[in-house]
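# Structural overview for review
Now for the letters of each chain:
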Amino acid sequence: MVAGCNHADKPKRPTGPGVGGTVIYITNVSLPSTASIEVRLVELNRDGRVDRVVTSETFPRPASMPLEFWLPYQPGLISQRLAYGLDATITDNGRVLFTSRYPVPVLTKGNPKQVEVVVVPVKM
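Here goes a summary of the coordinates provided. Please read all numbers here as calculations on a predicted model, not as lab measurements.

## Examining the overall build of the protein chain
Scanning the protein chain from terminus to terminus reveals zero helices and nine strands. Secondary structure elements in the protein chain, listed N-terminal to C-terminal, are β-β-β-β-β-β-β-β-β. Relative to its full complement of 124 residues, the protein chain shows a buried share of 41%. Partitioning the contacts of the protein chain with sequence separation of at least 6, the portion at a separation of at least 24 is 65%. Counting only carbon and sulfur atoms, one obtains 50% of the accessible surface of the protein chain, whose full area is about 7500 Å².

Structural data, given as structure tokens:
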């Protein structure tokens, strides 16, 4: 069985601005029961690297993968002139297991509000 094929319960979406999507990984490894997933909305610099974190949320002990998420943000923190992205990290007791290689562009400059964030195993 390939992990990442069962869909977790969809999060309830509050009203107001937010970005959403799915965190996935393609591997035959199951997550430990103590794992957590952090999803961040980040402002990007001109090189596409993280300049600052706008908001983040941690999802403890995900029941299954992929993880569908909705991340609300304060509209005053977003400038249409700047670039933003979503990234994700899966950790277990402080140890990084999976991470996204690059933030996925969202919100401004013609980018969507819904994206798929692929995380890859971190080599120890």
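## As for the pairing of strand S2 (residues 35-44)
Of all 10 residues in S2, eight are buried, a share of seventy percent or more. With 10 bridges connecting them, S2 and strand S5 (residues 83-92) associate as antiparallel partners. Each bridged residue has a counterpart across the sheet, and for alanine 35 the counterpart in S5 is aspartate 92. The turn linking S2 back onto strand S3 (residues 50-60) is made up of five residues, and glycine 48 within it adopts a positive phi angle of 80 degrees.

## Here's the deal with the packing of aromatic side chains
All chains considered together, the criterion is met by one aromatic pair. Taking the centre distance of 4.7 Å and the plane angle of 25 degrees together, the rings of tyrosine 25 and phenylalanine 98 count as stacked. Of this pair, tyrosine 25 sits in the loop between strand S1 (18-24) and S2 while phenylalanine 98 sits in strand S6 (residues 95-99), and the two are 73 residues apart along the sequence. The exposure class assigned to tyrosine 25 is buried, which follows from its relative accessible area of 3%. A residue is classified by how much of its surface remains accessible, and phenylalanine 98, at 6% relative accessible area, is buried.

Rules behind the numbers
Residues numbered from 1 in each chain as written. Predicted model: local features only at pLDDT ≥ 70, side-chain atom pairs only at ≥ 80, totals over all residues. Heavy atoms only, no water. Helix = DSSP H or I, 4+ residues; strand = E, 2+ residues; numbered from the N terminus. Buried < 20%, exposed > 50% of the residue type's maximum accessible area, 1.4 Å probe, protein only. Contact = heavy atoms within 4.5 Å. Areas by Shrake-Rupley, 256 points an atom, 1.4 Å probe, with all protein chains shown as cover. Pairing = 2+ DSSP bridges. Phe/Tyr/Trp six-rings, centres within 6.5 Å; stacked < 30°, edge-to-face > 60°.

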